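Working through the structure, step by step
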Amino acid sequence: MQCPKCLNEMEKVVFEHVEIDRCDECRGIWFDDLEHEELKVLKGAEIVDDGDVRVGKEFNKIDRIVCPKCKTRMIRMVDRVQPHIWYESCSVCNGLFFDAGEFNDYRELTIIDRFRDLLVKERR
Ligand SMILES: [Zn+2]
Ligand SMILES: [Zn+2]
């Protein structure tokens, strides 16, 4: 599969049972429908997002991309909880593209949130 941003080849990366595609060049990550939800909760999954955050920020400026799977124009999405995270979504196949560093950013809050939930439960 070709990276929708820098057009280099993407490689398959498997973490536990979740298989994703990561770009060899810009290290952006492609998720098929709901794979990001699965990977988000797996312990140690931050190693998958090994790109340079600065490179990711540069590539984040590119927002007119075409889905590498079904060739549909992708839509820029803004994360509801963390509005500084922009990622691209395909409305046809539900694929998602995160620039380098974005997935870990997205993931981090989830862990903090869960921790907060635990603390709240303990106080009750
Ligand atoms: Zn790329
Ligand atoms: Zn698509």
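Provided above is the structure to which this section pertains.
In this report, the structure presented in the accompanying data block is examined. (Residues numbered from 1 in each chain as written. Chains lettered and ligands numbered in written order. Predicted model: local features only at pLDDT ≥ 70, side-chain atom pairs only at ≥ 80, totals over all residues.)

1. Some thoughts on helix α2 (residues 53–60)
Regarding α2, the residues found buried are Gly56, Phe59 and Asn60. In an axial view of α2, the angular spread of the buried residues amounts to 105°, which keeps them on one side of the axis. (Buried ≥ 20, exposed ≤ 12 C-beta atoms within 10 Å, placed from the backbone. Helix = DSSP H or I, 4+ residues; strand = E, 2+ residues; numbered from the N terminus. Arc of directions from axis to C-beta.)

2. A look at the pairing of strand β5 (residues 86–89)
Across four bridges, the pairing between strand β4 (residues 75–78) and β5 is antiparallel. When the sheet's bridge partners are listed, arginine 76 is paired in β5 with glutamate 88. In this structure, β5 lies alongside strand β6 (residues 96–98), joined through two bridges in antiparallel fashion. Among the inter-strand pairings, glutamate 88 is bridged to a residue of β6, identified as phenylalanine 97. Between β5 and β6, which pair antiparallel one after the other, the connecting turn spans six residues, and asparagine 94 there sits at a positive phi close to 65°. (Pairing = 2+ DSSP bridges.)

3. Concerning the nonpolar core
Membership of the largest hydrophobic core comes to 20 residues, with the highest contact counts inside it found for Ile20, Ile29, Trp30, Phe97 and Phe98. Secondary-structure elements contributing two or more residues to this core are β2 (18–23), β3 (29–31) and β6. (Core = buried A, V, L, I, M, F, W, Y, C linked by C-beta atoms within 7 Å.)

4. Focus: the pairing of β2
As judged from the six bridges shared by strand β1 (residues 10–15) and β2, these two strands associate in the antiparallel manner. Pairing of lysine 12 across the sheet is with aspartate 21, part of β2. Hairpin remark: β1 followed by β2, antiparallel, with two residues in the connecting loop; positive phi at glutamate 16, about 50°. By the bridge criterion, two bridges tie β2 to β3 in an arrangement that is antiparallel. Opposite aspartate 21, over in β3, you have tryptophan 30 as the bridge partner. Remark: five residues form the turn of the hairpin made by β2 and β3, two consecutive strands paired antiparallel; arginine 27 in that turn has positive phi of roughly 65°.

5. What to know about unusual backbone geometry
We note that glutamate 16 has phi near 50°; this positive angle belongs to a residue other than glycine. Tracing the backbone through its elements, the reader meets glutamate 16 in the loop between β1 and β2. We note that lysine 71 has phi near 65°; this positive angle belongs to a residue other than glycine. Note that lysine 71 resides in the loop between α2 and β4. On the neighbour-count criterion, lysine 71 (11 C-beta atoms within 10 Å) is exposed.

6. So, the sheet that holds β6
Reading across from one edge, β1-β2-β3-β6-β5-β4 is the order of the six strands in this open sheet, with antiparallel pairing throughout. Looking at strand neighbours, the two that pair on one side only are β1 and β4, the edges of this open sheet. Looking at each pair of strands side by side, their axes are set apart by 30° on average, direction ignored. (Axes fitted to C-alpha atoms, helices over the stretch in contact; angles between N-to-C directions.)

7. Some points on the environment of leucine 109
By the element assignment, leucine 109 lies in helix α3 (residues 102–123). What makes leucine 109 partly exposed here is the crowd of 15 C-beta atoms within 10 Å. For the pair leucine 109 and lysine 61, spaced 48 residues apart in sequence, the C-alpha to C-alpha distance is 23 Å. Apart from residues no more than four positions distant in its own chain, leucine 109 is found in contact with Val81 and Gln82. (Contact = placed C-beta atoms within 7 Å.)

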